[in-house]
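Fold and geometry: a report
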Amino acid sequence: MFTIGDPLIILAQQLINGLILGSIYGLIAIGYTMVYGIIGMINFAHGEIYMISSYLFAIFLALVGLFGVSSVPVALLITLVVTLVITGLYGFSVERIAYRPLRGSSRLAPLISAIGMSLVLQNFVLLSQGANTQIFPSIYEGVLRWSMGSKDNFVQITYIQAMIIGVTVVSMIALNILINHTPLGRACRATQQDRTMANLMGINTDRVISLTFVIGAAMAAVAGMLITFNFKSFDFFIGFVAGIKAFTAAVLGGIGSIPGAMLGGIILGLAESLFAGLVNTDYKDVFAFGLLVTVLVFRPTGILGQPEVEKI
Amino acid sequence: MGPIVIVEKVSIRFGGLLALNEVSFQMEERHIQAIIGPNGAGKTTLFNCLTGFYKPTEGSIVLRRDGKSYHLTQPPMGSFRGNPAGWMGGFLRNLFTSNPIHRTALLGVSRTYQNIRLFAQMTGIENLLVAQHNSVNHKLLSGIFQTPGFLRSEKKALEKAWYWLEFMGLEDTANIEAGNLAYGLQRRLELARAMATSPRLICLDEPAAGLNRQEIEDLNRVIVNLRNEHKISVLLIEHHMGVVMNISDRVVVLDHGEVISEGTPAEVQKDPRVIKAYLGEEEEDAPPQSRREA
Amino acid sequence: MEIDFIIFNIPVIILEQGALAAGFLASLFYIRALDLRAYGEMIKDAAIVGAIAMVLFVPIVGLVLKDRSLVFQIERSLMLVGAVAVGRLHISGAVRARVGIRILWRLALVGISETFAFFFFPEPQRNLIVLVVLVVLAIVFALEALLRSGEKLDSIGSKIMGAWPAVISRAKGRQGYLMFFLVGLLVLLPFEPFINSENPFITDYHLGTLTQTLIYILLAMGLNIVVGLAGLLDLGFVAFYAVGAYGYALITLHLGEFGIGFWWALPITASLAAFAGCMLGFPVLRMHGDYLAIVTLGFGEIIRILLVNMIDFTNGPNGMSAPRPTLMGLEFTRRAKEGGVPLHEYFDIPYDATYRYVFIYLVALALALAAIFVFRRLREMPIGRAWEALREDETASKALGINHTTVKLSAFTLGAAFAGVGGVLFAANEGFISPSSFTFVESAIILSIVVLGGMGSITGVIIAAAILTLLPELFRDLQQYRMLGFGLAMVFIMIWRPGGLIKVRRRAFVRRDSARGASNPALGEAD
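Residues numbered from 1 in each chain as written. Chains lettered and ligands numbered in written order. Predicted model: local features only at pLDDT ≥ 70, side-chain atom pairs only at ≥ 80, totals over all residues. Heavy atoms only, no water.

Examining the confidence of the model for chain A
Scored by pLDDT, chain A comes out at a mean of 86, with 95% of its residues at no less than 70. Taken element by element, the predicted model of chain A shows its lowest mean pLDDT in strand β3 (residues 150-158) of chain A (75) and its highest in helix α3 (residues 72-99) of chain A (93). (pLDDT = per-residue confidence, 0-100. Helix = DSSP H or I, 4+ residues; strand = E, 2+ residues; numbered from the N terminus.)

Dropping the structure here:
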């Protein structure tokens, strides 16, 4: 991808790559952080939902093509909307099946059922779509390039990568408006503070919880679509590692905090890219998990999180 | 007999809230001492400082036992702040040395909770056996191979557990999971569990909450018996004046995180500041007739 | 194991038809037992669930991506949707129906699965599906009957099942004999091929599979300490299994010349795994529930990535060979390595590969029994009680003077030691190990054994280990559906039977001495 250049160029390129990777992690991390904020549990099936959104995106793009929509932007728009809706429905179903019946039971029970759910989703896709790596068509090829001195020394960003950053920013703004400036968002925040009280105040907390799963899934779908665009290949197993990474991002930023999730995602993306570019590619996942453990040991509340106080 | 607990100028701050403000009092050994005060006065916070759950921002709590003094507020290894490896040191201290809750418990302080915290899926007698963890032989190999020493220690622990179950009238429900017991029985079981640790000082957080008149009479008898027969000091938070006034030797009154009065029940009862704290200023309050209606 | 489908076909067909009829009957019962409004609600509910299922399943199941184009398999996705909707209808009906009808409903499930299988699967698998459902149902029935022993049984179906517990409760006093008999049977089992050498019923393959089941029992006992007793959800348990297997392979490879073989490697590797468990324990001491789960998951992945990438040490993804165990220095190979003596030459008997299988099976049996024994003791020991107390309420147990650091670490350490032993057995049984044997899937299998069997229970976990390892072997054609089934089972067990198949029965204490009632100083006069 990059030619022989001086370390500074490599560093700059890795920073850009890290930013893009980080945006993706951040988008997935939002799902973890929102669900954790409201029900205090990790949605273990979240990574798989992200994986499913990749499949849905490719499937519907192909389907729209079969129906004879020839304009690429129109096809993308239709696919985008359909994918968002169906992925959201997956998030909704996960909550209804694996979480809602277990509300009020022991802490371990929903965790185990969610792990079961992630196994189900993964194998369900494996059985239906097969284990082979799927290839996504190349759309919007093109590169923005900044030369540094000679012709061989340059930093580049593809159109798609630029789009990833753009879409991430737009989704963050949209989410921010939804959470902070709408009645729905107010209900969400109230439920996060105190579910019982919110319920007594007439907020349908069941619906809020469902909504949280749906929004989280939709954000994961945005991430899934963007990453499919970028890497042009995916398989049924991508959700596993992406899930752990995004969770690391959420913890890094402070679980429960939406800006924290984005921040954590970008920090993790940058750290991982720099590690991969400057130290070793094989162990970049080890590095990311190591980072997770370190953060949890020394600052369990993350960067922007608030400490949890146990009432005695 | 000297004091068992000396609380000196204990303050604790949660963010902007000063929950306890220079609280000082002493507690004599083998006394029943009550801490009373309106809701939000800082009673449970004080308890949590005493039992190591919270670390006071300032002040000291000293526990005296067998003529020796133990500072509950200071870590046993000395302060780690200012140490170049402070952060790491703090982390290691947390890992390797006992934490304050655990340490306080080992010094012979035991407690119950406002919201019952039993081991719900374990039976009553198992709850009491857990409480004796430090006094039984808990070596791994002797337990797996059931050495005679291990069996002896288990037998002793069982006897003690049965004793306290019977003491609290729980012998018939010994094999029922604690979570399935009725509320009153759960309260009694929690007290029995606290006693099974063989404490010197027992801290009871609203032991009479939710009990009926008969149960409260039983409770009073139990607490007095603990002091008289088992030579235990009892510190209790209670709203129920029937408990406080009948059995306590001394009463400490807290309001807004400060000690406003201290003395025998009779003295405290007459203290105008206490009356004011509980009933408010006469002229600021609602007219008498409306209060009667309420 | 090959199943002769022709034999199964006729009874299966009869059962299918019977089940369908029963399902029809069950739906009649719903109509009679419930008022019409409830019936309408049920249908509406099922329709909504079906509609959601349609949106979820049609794209993924019905439209298959192939070479950037789509293969339409709409029919198969609609069948799935139908099965979900009908299943939902029956479930909501059964929840509302009386107990007796539930049994009919379960039979109806067989009918549903048959209809479902008919469209979804090719010929040989169809009947297999029905068979799986039947076997599972039979197990559920049997267990339920066992569990209900004391309760009053209120339907003919369960009355028939109710005959069982009576037999068992009578045998309770002779439980020791029963155990003795079972263990004896398991010990004698592998010698069958020698007695019946003409046409042995038990083959080497069977012994290998049974050995694997025993290894899973061993592993599940280890995880049962961590998850079941201490309540620490460890999703990276496979890491210690890997440490055991690789530890064995590496120790025997590098230290083999000093005479360190299987028997020496066993305790060394177990301590190695225990050490790894302790090391994992440190950073996660203060984490609870969810955090712990994800960190242990990451830990498992770290170990796997290390195994793949440390090529000089572990030979990377290609894996490495592990030596077979020896019996007091005697080898089970046809020709011994340098300096070794093969077993058959020593005893002057003809070479037979089965000896090796028998030997590993017996070793695994002994170790699994030892694990069960140790687990039993641990559960009733102070440390076991402290684990459970920590699971129930960490703060309260700290306030009783329990050092949560050592208690948690001991759970991780002991659990990992069990896994280490399991890993050694696995490596010795397979003779070859590679990182692909130690993925998250393996952790998930062990976890589902513990969860399905009942966290903290022994009998349940043994049964679950047997079911989850032998059932897939029995139905090899359905191997690919195994993980899907495990996942579904984990979800539904948590919803319907959070305690697992067999809920742990607490140990009952009886007061021995005669001091009872003599001293009740406080409450005596009040009562």
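Now that the structure has been shown, we can carry on.
Structural notes on helix α18 (residues 404-430) of chain C
Residues and elements named next belong to chain C. Here α18 is 27 residues long and its end C-alpha atoms lie 39 Å apart, about the 39 Å a rise of 1.5 Å per residue gives. The element α18 is extensively covered by neighbouring structure, given that 24 of its 27 residues are classed as buried. Just downstream of α18, G431 is the residue with a positive phi angle, here 80°. (Expected span 1.5 Å × (residues − 1). Buried < 20%, exposed > 50% of the residue type's maximum accessible area, 1.4 Å probe, protein only.)

Section: the environment of C:R37
Within the element layout of this structure, C:R37 appears in helix α2 (residues 36-62). In sequence terms C:R37 and C:L250 are 213 residues apart; their C-alpha atoms lie 69 Å from each other.

Some words on the nonpolar core
Counting residues in hydrophobic clusters, the biggest one holds 296 residues, and the most contacted among them are A:F44, C:L233 and C:W387. Tallying contributions element by element places helix α1 (residues 7-39) of chain A first for this core, with 16 residues. If near-sequence neighbours (up to four positions away) are discounted, C:L233 is found in contact with A:L108, A:L111, A:I112, A:I115, C:V227, C:L292, C:A293, C:T296 and C:L447. Of all hydrophobic cores here, the second largest spans 27 residues; its members include B:L20, B:C49, B:L107 and B:L201. (Core = buried A, V, L, I, M, F, W, Y, C linked by side-chain atoms within 4.5 Å. Contact = heavy atoms within 4.5 Å.)

Here's the deal with the packing of helix α6 (residues 148-167) of chain B against helix α7 (residues 183-196) of chain B
A pair of packed helices is characterised by two quantities: the angle between their axes and the separation of those axes. Residues and elements named next belong to chain B. Interaxial distance between α6 and α7 falls to 9 Å at its minimum, and their mutual angle equals 140°. Taken together, α6 and α7 sit at an angle that is classed as oblique. As for how α6 packs across α7, the hand of that crossing is right-handed. Mapping the contact onto sequence places K160, W164 and L165 in α6 and L189, A192, M195 and A196 in α7. Of the residues belonging to the contact of α6 with α7, the class tally is six nonpolar, no polar and one charged. (Axes fitted to C-alpha atoms, helices over the stretch in contact; angles between N-to-C directions. Parallel < 35°, antiparallel > 145°, perpendicular 65-115°, else oblique. Left-handed = near helix turned anticlockwise from the far one by under 90°. Nonpolar A, V, L, I, M, F, W, Y, C, P; charged D, E, K, R; others polar.)

Quick notes on the sheet that holds strand β3 (residues 32-36) of chain B
Residues and elements named next belong to chain B. Read from one edge to the other, the open sheet built from six strands follows the order β6-β7-β8-β3-β9-β10, with strand pairing classed as mixed. Only two strands of the sheet have a single neighbouring strand rather than two, namely β6 (109-111) and β10 (258-263). Taken over all neighbouring pairs, the strand axes of this sheet differ in orientation by 20° on average, direction set aside. Strands in contact with helix α1 (residues 43-50) are β3, β6, β7 (201-205), β8 (233-237) and β9 (250-255); relative to β8, the strand with the most contacts, it is inclined by about 145°. Contacts from helix α8 (residues 213-228) reach β3, β7 and β8 within the one sheet, and its direction differs from that of β3 by about 135°. (Pairing = 2+ DSSP bridges.)

Examining the sheet that holds strand β2 (residues 17-28) of chain B
All names here are of chain B. Pairing is antiparallel in the open sheet, where four strands are placed in the order β2-β1-β4-β5. The strands lining the two open edges of the sheet, one partner per strand, are β2 and β5 (68-71). Taken pair by pair, the neighbouring strands of this sheet meet at an average axis angle of 20°, ignoring direction. Looking at chain direction, strand β1 (residues 3-14) and β2 are connected through eight bridges and run antiparallel.

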